[in-house]
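This is what each chain is made of:
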Amino acid sequence: MIITLDPGHGQFKNPGVLPGYYEGTRVFMLAYALKRELEKYRDTTVYVTREKLEDDPSLAARGSMAGKRGSRLFISLHTNAASNPEAHGVSVFYSVRRKDSKKLGRLLGEAVVAEMKKKTDITYLRGVMTRTQDDGHGGIEDYYGVIRNSVKYPEVEYSFIIEHGFHTNPTECGYMFRDESLECIARVEAEVIASYFGLEKTGAEDGYTEYTVAPGDTLISIARRYGTTYRVLAEYNGIKDPDLIYDGQIIRIPLYAEISVGDTVRIKSDKNTYYPGGKSFSAWVKNYDYAVKKTADSRGGAVYRNGDRCVLLGERIDRRTGEHGGSIDSWASVDYVTKIRPEK
Ligand SMILES: [Zn+2]
């Protein structure tokens, strides 16, 4: 199943009532948390309309991205705003052209409310609604551009906007400002989606998800769906000839995004490692593993170098002796590091 997530706006759009809160940044983080949760389910591919934090595509581009990529489900993620700081609660909008999707919209809204309410007390479900406008031909159409443009594609059966509380309300803004809140919301939203569509959980606890090869797939096309490379998949799955895959074969997709502070990682290439001083990295790659020191900036935002999502490597661990020594403080692209599984 293909899903497109749309974190609304751009990086510094729509400041909240608390200093440093931007809707466009927080919903970006929520989208990637939700992508990570959803990809724990078998045959689930998740696209995000903003690859980088600073991306801010048009509403039409966001909606049509969902359709062009064959998504069955499209969700635009937001926090709400009002001039009255007391306004609060969760709203879900669904398409007037997809009346049957109200049920899933309600399940999502109720799950988000139940989760937020654990910490805010005040959050409630304002409604599961359509919002329409005159289509200029005597009929009506969806008011919101992202929904209107996504449902032009018949593949998009479900199209929603979820407003996760109000960033103009101090309590709800405070809630959405915490990283663990986003993780909790992502988990419950993924659970609702998985149970609604009957998605099966895979070996996500081991750090990978599974994809079943369908006719026409190549290792390159599968890698592209999951934002990785065919070389990474070939190596991870022990495939000697990347041109030889067969229908029904299970390909394991490593979940690099699962890397967290304190994990030990191995670097696969010095190509996407941003070593301070620009010295050659090769010896470090071959001889050492590294403890992950940071996965986000001081505001909790994802860190990018030349467009690559990165983690900061800290303490160095000699691969042969296991000795710890020195810290390198170098950023490495998550596509070029592998988490070393702890031995049980
Ligand atoms: Zn918004």
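Above this text you will find the structure in question.
Bear in mind the structure is a predicted one, so any value in this text is a computation, not a measurement.

The rules we used
Residues numbered from 1 in each chain as written. Predicted model: local features only at pLDDT ≥ 70, side-chain atom pairs only at ≥ 80, totals over all residues. Heavy atoms only, no water. Pairing = 2+ DSSP bridges. Helix = DSSP H or I, 4+ residues; strand = E, 2+ residues; numbered from the N terminus. Right-handed = clockwise from strand over helix to strand, strands pointing away. Expected span 1.5 Å × (residues − 1). Buried < 20%, exposed > 50% of the residue type's maximum accessible area, 1.4 Å probe, protein only. Contact = heavy atoms within 4.5 Å. Axes fitted to C-alpha atoms, helices over the stretch in contact; angles between N-to-C directions. Parallel < 35°, antiparallel > 145°, perpendicular 65-115°, else oblique. Left-handed = near helix turned anticlockwise from the far one by under 90°. Nonpolar A, V, L, I, M, F, W, Y, C, P; charged D, E, K, R; others polar. Donors = N, O, S within 2.8 Å, 3.2 Å for Na, K, Ca; no water.

Student: Describe the pairing of strand β5 (residues 125-129), with residues and values.
Tutor: Of the pairings in the sheet, the one linking strand β4 (residues 90-94) to β5 comprises 4 bridges and is parallel in character. Across the sheet, the residue bridging to F93 is M129, located in β5. One crossover worth recording links β4 to the parallel β5 by way of helix α3 (residues 102-120), and it is right-handed.

Student: Tell me about helix α1 (residues 23-38), and please be specific about residues and values.
Tutor: Over its 16 residues, α1 extends 22 Å from the first C-alpha to the last, a length consistent with the 22 Å expected when each residue adds 1.5 Å. Counted residue by residue, α1 has 16 buried out of 16 residues, so it is predominantly covered.

Student: Let's hear about α3: which residues, and what values?
Tutor: Each α-helix winds once per 3.6 residues, and so residues spaced three or four apart point in a common direction. The end-to-end C-alpha distance of α3 is 26 Å, a good match for the 27 Å that 19 residues give at a rise of 1.5 Å each. Considered for burial, the residues of α3 that qualify are L104, G105, L108, G109, A111, V112, V113, E115, M116 and T120. For α3, the secondary structure elements touched by its buried residues are β3 (73-80), β4, β5, β8 (158-166), α5 (170-176) and α6 (179-197). Positioned one or two residues after α3, D121 has a phi angle of 70 degrees, which is positive.

Student: How would you explain the packing of α3 against α6 if you had to name every residue and give the values?
Tutor: Two quantities define a packed helix pair, namely the angle between the helix axes and the distance between the axes. At a minimum axis separation of 9 Å, α3 and α6 run at an interaxial angle of 150 degrees. Overall, the two elements α3 and α6 adopt an arrangement that is roughly antiparallel. Seen from above, α3 lies across α6 with right-handed handedness. Mapping the contact onto sequence places L104, L107, L108, A111, V112, E115 and M116 in α3 and C184, I185, V188, E189, V192, I193, Y196 and F197 in α6. Grouping the amino acids of the contact of α3 with α6 by side-chain chemistry returns 13 nonpolar, no polar and 2 charged.

Student: Please set out the environment of S64 residue by residue, giving values where relevant.
Tutor: Within the secondary structure layout, S64 lies in helix α2 (residues 59-68). S64 sits in the buried class, given a relative accessible area of 13%. A C-alpha to C-alpha distance of 28 Å links S64 and P254, two positions 190 residues apart in sequence. Excluding residues within four positions of it along the chain, S64 makes contact with N149 and Y153.

Student: Describe the coordination of the zinc ion, naming the residues involved and giving the relevant values.
Tutor: When four donors bind a metal tetrahedrally, each ideal donor-metal-donor angle is 109.5 degrees, and when six bind octahedrally, the ideal angles are 90 or 180 degrees. Here the zinc ion is held by H9 (NE2), E23 (OE) and H78 (ND1), and the distances to it run 2.0 to 2.2 Å. When the donors of the zinc ion are listed by position in the chain, the intervening gaps give H-x13-E-x54-H. Within this pair, whereas E23 is found in helix α1, its partner H78 is found in strand β3, the two being separated by 55 residues in sequence. There is no split in this pair, since E23 and H78 are both buried.

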